[in-house]
Structure formats: C-alpha cells, structure tokens
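# Results of the structural survey
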Amino acid sequence: MAALYSALEAGRVGIFESPTGTGKSLSLICGALSWLRDFEEKKQQEEARLLALEDSRWEEKKRLASAEPGRPESKDSAGEPDWVTAFVQKKEERDMVDRLKEEQIRRKKREDRLEKIRHNVQLKYAAKRKRSEEDETKRLLQLSKEVLSEGAGVDALEQLDHNEEELILAEYESDEEKKMVSGLEEDDDDLEEEHVTKIYYCSRTHSQLSQFVREVQKSPFGKDTRLVSLGSRQNLCVNEEVRRLGALQLINDRCMEMQKNKHEKKSDEETEGKKRRVSRAVCPFYSYEQMQFLRDEVLVEVKDIEQLVTLGRETKACPYYGSRYAIPAAQLVVLPYQMLLHEPTRSAAGIKLKDQIVIIDEAHNLIDTITCIHSAEVSGSQLCCAHSQLLQYMERYRKRLKAKNLMYIKQILYLLERFVAMLGGNVNQNPSCQAVSQPGTVLKSINDFLFQSQIDNINLFKVQRYCEKSLISRKLFGFVERYGSPATAVKTNKENQKLAGLQNFLLTLQQGSDKEAGALQGPPVEAEDDQLRTASPLMQIEGFLSALTNANQDGRVILNRQGTVGQSNLKFLLLNPAVHFAKVVEECRAVIIAGGTMQPVADFREQLLSCAGVDPARVVEFSCGHVIPPENILPIILCSGPSNQQLEFTYQTRDLPQMMDETGRILCNLCNVVPGGVVCFFPSYEYEKQVYAHWEKTGLLTRLATKKKIFQEPKKANQVEQVLVEYAKCIKRCSQAGGQMTGALLLSVVGGKMSEGINFSDDLGRCVIMVGMPYPNIKSPELQEKMTWLDKTMPRAAGQAPSRVLIENLCMKAVNQSIGRAIRHQKDFASILLLDHRYARPAIFNKLPQWIRERTQVKPAFGSAFAELRKFHRGKSDAL
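A brief structural summary. Since the structure is predicted, the reported quantities are computational estimates derived from the model, not experimental observations. Position numbers for residues start from 1 in each chain and track the written sequence from start to end. Restriction of local features to residues with pLDDT of at least 70 applies here, the model being predicted, together with a cutoff of 80 or more for giving and counting side-chain atom pairs; totals for whole chains, interfaces and linings are based on all residues. To get the side-chain values, all heavy atoms of the structure are used, and hydrogens and water are removed first.

### Remarks on the overall build of the protein chain
The condition is simple: Numbering goes from the N terminus for both helices and strands, where a helix is a DSSP run of H or I of at least four residues and a strand is a run of E of at least two. Three exposure classes are used, based on accessible area relative to the maximum for each residue type with a 1.4 Å probe and protein chains only: buried under 20%, partly exposed in between, and exposed over 50%. Any pair of residues with heavy atoms lying within 4.5 Å of one another is described as a contacting pair. All accessible areas in this document rest on Shrake-Rupley with a 1.4 Å probe, and a residue is counted as covered only by the protein chains that are shown.
Looking only at helices and strands, the protein chain has 36 helices and 18 strands in total. For the protein chain, buried positions account for 50% of its 880 residues. Counted over contacts in the protein chain with a minimum sequence separation of 6, partners at least 24 positions apart contribute 81%. When the accessible surface of the protein chain is totalled, it reaches about 42,400 Å², and 51% of it is carbon and sulfur.

### Observations concerning the packing of helix α17 (residues 380-397) against helix α25 (residues 537-547)
In plain terms, the rule: To get an axis, a line is fitted to the C-alpha atoms, and for a helix only the part in contact is used. The angle between two axes follows their N-to-C directions and goes from 0 to 180 degrees. What makes a crossing left-handed is the near helix being turned counterclockwise from the far one by less than a right angle; a clockwise turn instead makes it right-handed. Gly is placed with the polar residues, together with every amino acid not listed as nonpolar (Ala, Val, Leu, Ile, Met, Phe, Trp, Tyr, Cys and Pro) or charged (Asp, Glu, Lys and Arg).
Put simply, α17 and α25 touch, their axes get as near as 9 Å, and they point 115° apart. Crossing hand, α17 versus α25: left-handed. Of α25, the residues touching α17 (which contributes Gln382, Leu383, Cys385, Ala386 and Gln389) are Pro537, Leu538, Gln540 and Ile541. In the contact of α17 with α25, the residues fall into 6 nonpolar, 3 polar and no charged.

### Concerning empty space enclosed by the protein
Basically, it comes down to this: A cavity, in this analysis, means grid points on a 1 Å lattice covering only the protein atoms where a 1.4 Å probe fits yet has no way out; a pocket is instead an open set bounded by protein on both sides within 12 Å along at least five of seven lines, and a residue lines either one if it has an atom within 4 Å of a point. Grid points are joined across faces, edges and corners, and a volume is the space filled by probe spheres set on the points.
With the rule as written, the count across this model stands at 4 cavities of 30 Å³ or more. Reported here for the largest cavity is a volume of approximately 130 Å³. What lines the largest cavity is a set of 15 residues, among which Cys237, Asn239, Cys255, Cys283 and Cys318 lie closest to the centre. For the lining of the largest cavity, the secondary-structure elements that each account for two or more residues are α10 (248-269) and α13 (319-325). Residue composition of the lining of the largest cavity, by class: 12 nonpolar, 2 polar and 1 charged.

### A short note on unusual backbone geometry
The peptide bond linking Gln599 to Pro600 adopts the cis configuration, its omega dihedral lying at -10°. Assignment of secondary structure puts Pro600 in the loop between β10 (590-595) and α27 (602-610). At Gln454, a position not held by glycine, the phi torsion is positive, near 60°. Position of Gln454 among the secondary structure elements: in the loop between α19 (446-452) and α20 (460-470). The backbone phi angle of Asn644 is positive, close to 65°, even though this residue is not glycine.

### Brief notes about the sheet that holds strand β8 (residues 555-562)
Threshold: Strands are treated as partners if at least two bridges between them are detected by DSSP.
The strand order across the open sheet formed by 4 strands is β6-β9-β8-β7, and the pairing between neighbours is antiparallel. Looking at strand neighbours, the two that pair on one side only are β6 (376-379) and β7 (440-445), the edges of this open sheet. Across the sheet, the axes of successive neighbouring strands diverge by a mean angle of 15°, strand direction being ignored. Inspection of the sheet shows β7 paired to β8 by 6 bridges, in the antiparallel sense. Considered in β8, the bridge of Gly440 is made with Arg561.

### So, the packing of aromatic side chains
Geometrically, a pair of aromatic rings is defined through the distance of the ring centres and the angle of the planes. Spelled out, the test is: Pairing of aromatic side chains here covers Phe, Tyr and the six-membered ring of Trp, requires ring centres within 6.5 Å, and sorts the geometry by plane angle: under 30 degrees stacked, over 60 edge-to-face, intermediate tilted. Counted as over-ring charges are cases with an Arg CZ or a Lys NZ within 6 Å of the ring centre that also lie within 35 degrees of the ring normal.
In the structure shown here, the tally under the stated rule is 19 aromatic pairs. Consider the rings of Phe862 and Phe866, whose centres lie 5.7 Å apart with planes at 25°: the pair is stacked. Taken together, the residues span about one helical turn, with Phe862 and Phe866 both in helix α36 (residues 862-879) at a distance of 4 residues. Note on Phe862: relative accessible area 9%, which makes it buried. Ring pairs connect the aromatic residues Tyr286, Tyr320 and Tyr321, which therefore count as one cluster. Seen from the ring of Tyr687, Arg654 lies directly overhead, with NZ or CZ sitting 4.7 Å from the centre. Cation over ring: Arg766 sits above Phe829, and NZ or CZ is 3.7 Å from the ring centre.

### Some points on the side chain of Lys708
Convention followed: His residues and chain termini do not enter the charge count, which takes Lys and Arg as positive and Asp and Glu as negative. The term salt bridge refers to a pairing of a side-chain nitrogen on Lys or Arg with a carboxyl oxygen on Asp or Glu at a separation within 4 Å. Polar contacts, as used here, are pairs of N or O atoms within 3.5 Å; protein pairs need one atom able to donate a hydrogen and one able to accept it. Residues neighboring in sequence count only if both atoms are side-chain atoms.
Residue position: Lys708 is located in strand β14 (residues 708-712). This buried residue, Lys708, is left without a salt bridge; Asp763 holds the nearest opposite charge, at 8.6 Å. For Lys708, the side chain forms a polar contact with the side chain of Thr742, separated by 3.1 Å. Excluding residues within four positions of it along the chain, Lys708 makes contact with Cys671, Val674, Pro675, Gly676, Val678, Met741, Thr742, Gly743, Ala744 and Leu745.

Structure follows, in structure tokens:
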C-alpha cells in the first residue's frame, strides 16, 4: 500500500506483483483511495488558501481606497497606470480563483443533491409514482393507436411496405458535409460536467469486477466512495426485446438504432400530413430524466453490475447510459479491459484519462489482450455471404436509396470482391465448392495487401465511418432476418421472388460450413458466434476493415489459404501493441499494472512501456512475497525420473515411449504420498491425449486409478464446471471415507481452461505438476512474424536476441500462471514439481516468481526428491 501510494503521488508507471491470497484487491483499494482522499483534501485546502488570499487582497484594496480617496494614479515605467499593470499581472490568478469558485459551487450542489437523495426517501417514492403514471399514460395511448389502426383497414401489402421502411438506410452525409451531432439534447450542460480526479480500475471479466466492488463495499471506504461500474450493453441492457438478440454486436446496433429513432422522432412527427408515416421503435428505458435519477442513485451508494441492472429495472432507466452519466462525478470507475484499452470504445463511453489514475489488475496477459482487441479475422465464407446479402439488399432497395448510400455500398461490395480474390476465389460462386489452387500461409504488410488487392484508392477511414454511422450491418441483419429463411420469405410479387436466390445461397453456405467444421474437427462454435457468422457477417468484416487502418509498420495481414475458399481466411495481426497503449500512459497522471503473477516483467518494460515512449526513470517495480510461512510450500525442479531417465521434454524427445513411461512412474509414486487433489499440466491438448492413450495401452493408467480417480480437462468451455464439480466431490468423498483411494488426479493443459482463474485451494491442489516446458509453437507464422519484428525493432538484451527472450518469457508466463493455481490463502500448503532439467538454467530459473524461487530445490535424482515430498506431505497431514 505504501509503495502504491508513493507511485501515485510521484506520477509513476508501476508494475506491481502480489500473489493470490495476500490481499491484493484490498491493498489496491486502500492504497489508491487513501491517496485520492488525501489528494482531494490537499486540493481543497489549496483552494481555500487561494480564495482567502484573494479575499484579504480585496479587503486591503478597499481599505487603501477609503483611506486615501484623493491619491493621484501612479504610473509605471511604460507610462501605464499601476492598476492597469496589476490587472494584467493578476488576470491569470483571478481566472483561477473564478474557476475555483465555480468548482466549489458545483461540488456543493452535487454533494447537497446526493445527500438529499441519501436521506430523503420520499424523493424516491415520488419518482416511482411519477414513473407508474407515465407508464399508464403510455399504455392508454398505445391502446388508442391500436383501436384506430384496426378501423383504418390497411391492406396487407401496404402493411408489409410500412414494416419494411426501417430496413432502408437513412440519407447519409459525411463529416465534411455535415458535423454529426450526437448525445442527448435535453441538457448539454450536464454532459459537459467537469471530471473530478478519479481512479479507473479495470480487470478481465465481469465476475472479477463484481468481486472487486464487493471488496470496496466491505472496506473502510465503502460508505463514502462514489463508485460506478461500467459494462457492455450485453451485461447492462434491461430492454428484453433487445436482450433477446443475444449477440453483442446485434445488441449494440439495435440500441444505437433505437437512439437514432428517438432523436428523429420529432422530424417524423412533422411529416404527419403525408400519406403514410413510418413507425420507428424507441427504447422506453432511454429516458433522460430517469437516467439522471439512476445516475444519482449510483453515486449515493456503491453498486456492482447486478445491483445496477436491478436498479435500472426498478427505475425504468437504462443502466448502460445512466452509469455513463455518473462518470464525471465518480471517484472510482470500475470497467473491463476492452473499454479502457480500445480508444473508440473509451471515447464513446465518455472516459477522459487526462491527469487520472489507471489501475489494470490481472494484467499478466495485458500485451496479448491489447493484441487481440486490435486484431481481426474473416473467413472466405463470411466474405462471400456478406457480398451476396449486400448485393440482394441493394437490388431490392435501389430505388429508395440515396446516391451517397449507393456509392458506399458499391465500395463495400468491391472491397469484398477483392478480398475473396486475394484468397483465390470468386464472390459469385459458392465458396465451399471453390478449391484453392495454391494452399498455404502468406504474410503481407498492410500497404502490400492494399496494393495487391487493388483497393489502395479507397479511403478505408471513410468506409469505416460510414459503416459505423449508417448502421448498415444492422439493416442488413434485419433484411436477412426477414428474407433469409423460407419460412419468412414473401413471394407476393416478382421482386420478392428474386430473393429465393439469397435463401438458397445462404442454405448452401450453412451446409458447406457445417461440412467444413466436421472435416476439421475443430472446437464447436458457440451459438452466439454462429448466429453472427451466418446472419450478419458484415459485422465481423467491419472489424477487419478497421484493423487495416493501422500504420503499415505496426501490423501484418495473414492470407491463410486452406482447402476451399470458404475454409480460407484473412487475418490482421497487430505486431506493436504499444502504439495503442501509448495514449493511456501519456494522458494519465499514473498507471499501475498489477497482478498475482507478473514475472517475467521484461515484456512489460520493453514491448509495452519502452515502445510506448515511457521514460525508464518513470517505471517502478514492486513485488511482495507470499503470506504463507516458508514451510507451507515445497517447489522442486526434478532433473531425472525413477529409472534415471533425464527429463527433457523437447519436441524431439517428448514423444518417446520411455519419456512417457517415466512421467507415468513419477505420477504413480507421487499419488502414493500426496493426499487430496493432484493437478498435472501438459504443454498441449494433443500431448495430453497422446500420453493418456500410451498409459492406457501400457496399463499405467490402471495403476494410477487405484490411488486417484482420473479426470481430464475438457476442450469445451461449457463442460469445465461439471468436471471441476465432480473432481471436488471425489476429493471430499475420499477424505471422509478413508480407504485406498486418496483423492483425484486432474490432467490439465497449460493455457487451457484450468490454467487461469481457477482456484485449486486446500485439498483441491495439494500438488501441482508441470510436465516439460510449454514453449509456444515457433513454426506458427504469426509468432515467426512477431519474432522477426522484435529482432528488427528491439535492442539485444544480455547478448540474447529479443525473439529468444520472447519465447522464454511466453513459456514462463504460462508456467507461472499454472503453478499459481495452488496456494490461495495464508494457511494453504502445496508442493510444486517442475519436470524438466532445463528449469534449473539461470535464465529460466530467474523468471519464476520470487516467493517460489526463494524456496525452490533443484533435485538431480528422483530418490531425494521423493523423500522430501513424502516428508512434507506426511508432516502436513499429521498437523491437520
């Protein structure tokens, strides 16, 4: 806490490491909020001093003026009266005093308003009564409209056209022609509310953020902190009609369309004299008055995402926008990684980082996160499908679309055509039936890709802006929803019958992609992604277009031609994540990168901070030990097995039968002395499967199963929880029943579902075993390109090429995350076994977390290691 406080005070960029179970979250809360409280106090004291000084000067002037009323004006050397010179000299100071007075008034108003809400329950009841009255009025009004429409006798065809109006793109004007005005019109002053100094705390998942908010609620700062939780529309939307869309992109687009409809409502009402008026859906929760009420409720009492959603439903106010209105006055803003690290999202949310504090927790994978957020991938099937959909859309509504819309649609169609051509295909043919003539993977710079695909004459920034503002992907999704399946197809005229081609094409694409998925035997696609890919591939493609606007040197385009055009894909790979992190560290007063396991930190210093232009003197590192006593952990590097086979799991040796046999013998011996749960990590799913099959064949699996029930980590995410529950139940049952079976053995994979975020505390993880060193696949084109880029742009460190350092760091980050699953609190204990003699090399050994490194023993032979393990676990079992 003291180190964090001083880093914030000095405006540093800090890399903080504090193992799980040491109170990291509470330390971050107390250290940061203590600094903020002191900072606010100092600021208010300085304000009071300046205001008092100004008042005393004013009193002095009045006294002098009354004492010497007839005194002639003196002049300075330039011939100006003294009072003019004084005015010029003091203008800045007076302006600052005026600003301070305004800020005081604003702060007083805000505090009074929040205090009133905190203590005056009648205000809440009045607001609720007002809402129910409004609901009743709306209901009666809707009823009247329905009665009138029933008597109007509108024929079926006119009704169809009426409903179809919302699929047509509105007239589009670019920024050069018309400045786009966004936001709510009701009270612009409120939107421009000044941002107080605050802390932005971000983490990986919503569950981690909710856990952090609960820690704040329990802390000494829980009652007095103005905290707001931000999230995606998927997490915060309370409009059931929109929530039912499921996919995040569809929810985003539908929400933005409803907002647009609300702002266009007035202009629609002015056309009442026309033959037919378009009915546009608006969101009932997008009420300015109610969102302001929700904003104040949020600032009065600390709430997590779930409580925010409940409040939104109760107040009939949108939590997504209501929470954003709370940002300026909030002292602590809790948000997911993506919202802070992606500049367009940050800007849209109204987040201003200038002179603020940013704390990024669970930051061990920060570089990968930034890379993933700004990378994109599209398949040949998606490109062909989007082209077909957009072409059909344009043909149907050609007469209704304005010239500007037609121009942009034609540009997008041309881009899609050229992208498919780069994969060796033709957009007018089924991608699943087009074989690729030259399979393989090719990497190109952004400029080379643009030139070779003949799209360098198109302004991608303008196309990207058009997609964003016109909501074309949403319109196209609505169009496909309407005509994409035979059940909803309308065949009342020739124009509609043309759409049968689209239905058949979509059907063949769907069947083709199903066959491809079966042939590849890849992991099943989640339902949400499947819905997006088949229904609105243009949404995916927009991300790829956006990625192509990166600087040429910062990324590469990967053309992956496999089997058919449908199976092939285009991928944008970001090589320089620092370019997107630079603005964060430039604008903020201080940035803290924190995690339970941050070693090795060289990646953060070199790839992220140094490349982002951060002065090395501004960077501070802090790593604390664990709170467990030294005798509660036994880390061992094992160099050979029971039959003296040297343990070296390289790609060349790990498949050898004797190496797999030796691994099995080690596990059999350990399972005899380790109680409860044993978690064994393998470098990959494929290797784990291979070893399991070998043990099954040799009978070693049967021997293992006499002591521990064996569980395997599933590839499917939706099965992980079930396996963990069964694993925990088995361990509990064995500890209670006694007998020969002493617990369970879980075979897991480094980088899999169980190597991060899973808590193997107490009996769930009495021993963690790491089989070999999980080096990444250096034959991967993406990794090879990253290595080449690093060698060109980074200096050599201690005689090692940057690419070699990268490989070692990626390996050890994965190891540290996996072995960190055990030892989760102060009284926990566990042994850690690293099976590979290469862990003892200084360059590798020094990359282990300090609290583990200090207690690690290197054992050349298995006998002495086994004796240590038996003594450790027997001693701990006796103590229990």
